[in-house]
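# Analysis of the macromolecular model
Spelled out, the chains give:
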Amino acid sequence: MKPSRWPACLLLLLLSCLLTGCVYWRLYQTKLQMEEFDRYFHIETDAGNFIWRFKDPLLYSDDFTTLARLEPSVSRPLPTGKLNVYRFRKVDGLGQLIKPPVEFSFELSFNHENRLTSWLFSPIFMQIAPPEFLEASIRSLAGAKINEAAHQLKATISEQDKIDADFPKKAAVLKRMGEPLGIDDEGDLEIYSYHFMLETPKIDKGYESRALTVVKLTFNKSTQELVKMAGRFAGLKLSIDYRKFAKDGKHAV
């Protein structure tokens, strides 16, 4: 870049920070931390939960509401900061709660500076995003590109991200998730659709549709394995194609 353009670029960066609170700058800095994952983060499982811990936290709680335009289901104080819980409940095509209830949650803990220190994924979420694949997906974000318009990170899977783990079986997934709202037939694959509604006290005007999460689960007909999960959770997109993480083409369709 020519030195003569630096002032203009710095001005644009400052204006961007003023408009967004530097949300994307903090996302970028967090992405850089991913390049030394074990130095800055720690993954653990506890009682079926998946916990992503941030050793040198950068993201603020307001960053999540800025991106999602949705308030958490519950926000309560902790001795060291606060906890924000995002609770998703299964609904039918009319948005009515399903019985017996099916729900999962994300629990985000923040320190006294309001910075994210841990992100907990509840057990039922692990049914559609097994710990091995979720961790591999998170680690792959080191090489991801930030898409501001779509509010998502798009990662490229490298050989070091690949793992040797079994894919979830459809029978086990349906036992926890229940019957889908719809099933699409795509040759060797079938896609099961589920609707979940975020329990939230406030939604920014014009973003009401973000409270609805459409989860799509792709199964291989012949192996009955779950090969892909995709959804938009509290306005943030998450998609994991498990086949891309399989070593030596294992489970490839």
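Computed from a predicted structure; not experimentally measured. What you see as residue numbers is a count from 1 along each chain, following the sequence as written. Residues qualify for local features only when their pLDDT is at least 70, as the model is predicted, and side-chain atom pairs are given and counted only at 80 or more; totals for whole chains, interfaces and linings, by contrast, use all residues. Side-chain figures throughout are based on the complete set of non-hydrogen atoms in the structure, without hydrogens or water.

## With respect to the pairing of strand β13 (residues 236–241)
Our working rule: When DSSP finds two or more bridges between a pair of strands, those strands are recorded as paired. The secondary structure listing takes helices from DSSP runs of H or I that are at least 4 residues long and strands from runs of E that are at least 2 residues long, numbered from the N terminus.
The pairing of strand β12 (residues 226–233) with β13 spans six bridges and is classified as antiparallel. Within the sheet, the bridge partner assigned to Phe233 lies in β13 and is Leu236.

## Some remarks on the packing of aromatic side chains
Selection rule: Two rings from Phe, Tyr or Trp (for Trp, the six-membered ring) form a pair when their centres sit within 6.5 Å of each other. Planes less than 30 degrees apart are called stacked, planes more than 60 degrees apart edge-to-face, and all others tilted. Working definition: with a 1.4 Å probe on protein chains only, accessible area under 20% of the residue-type maximum means buried, over 50% means exposed, and in between means partly exposed.
A complete count under the given rule lists 27 aromatic pairs for this structure. Pairing Phe50 with Phe121 gives two aromatic rings, centres 5.7 Å apart and planes at 75°, and the pair type is edge-to-face. Here Phe50 is found in strand β2 (residues 49–54), whereas its partner Phe121 is found in strand β6 (residues 116–121), with 71 residues between them in sequence. What makes Phe121 buried here is its relative accessible area of 5%.

## Looking at the side chain of Ser140
Let me state the cut-off plainly: Polar contact is the term for a pair of N or O atoms within 3.5 Å; when the atoms are in protein, one must be able to donate a hydrogen and the other to accept it, and sequence-neighboring residues count only if both atoms are side-chain atoms.
With respect to the helices and strands, the residue Ser140 is situated in the loop between α6 (131–139) and β7 (145–147). Polar side-chain contacts of Ser140 include one of 2.6 Å to the backbone oxygen of Ser137.

## Comments concerning the pattern of salt bridges
Selection rule: Counted as salt bridges are all cases of a side-chain nitrogen of Lys or Arg within 4 Å of a carboxyl oxygen of Asp or Glu.
As enumerated under the stated definition, the model contains 14 salt bridges in all. Across the salt bridge formed by Asp185 and Lys221, the nearest N and O atoms sit 2.8 Å from each other. Here the residue Asp185 occupies a position in strand β9 (residues 182–186), and Lys221 occupies one in the loop between β11 (212–220) and β12, the gap between them amounting to 36 residues. For Asp185, a relative accessible area of 59% puts it in the exposed group. For Lys221, a relative accessible area of 29% corresponds to the partly exposed category.

## Quick look at the nonpolar core
Proteins that are soluble and globular tend to have nonpolar side chains buried together. As a reminder of what qualifies: The nonpolar core is taken to be a set of buried Ala, Val, Leu, Ile, Met, Phe, Trp, Tyr and Cys residues, with the residues joined through side-chain atoms within 4.5 Å. Working rule for contacts: check all heavy atoms of both residues, and any pair within 4.5 Å makes them a contact.
Ranked by size, the top nonpolar core spans 60 residues in total, and within it Trp52, Phe106, Phe125 and Leu217 carry the most contacts. Broken down by element, the residue count for this core peaks at five residues, all from strand β10 (residues 189–199). Contacts of Phe125, omitting those with residues within four sequence positions, involve Phe104, Phe106, Leu134, Met229, Phe233 and Leu238.

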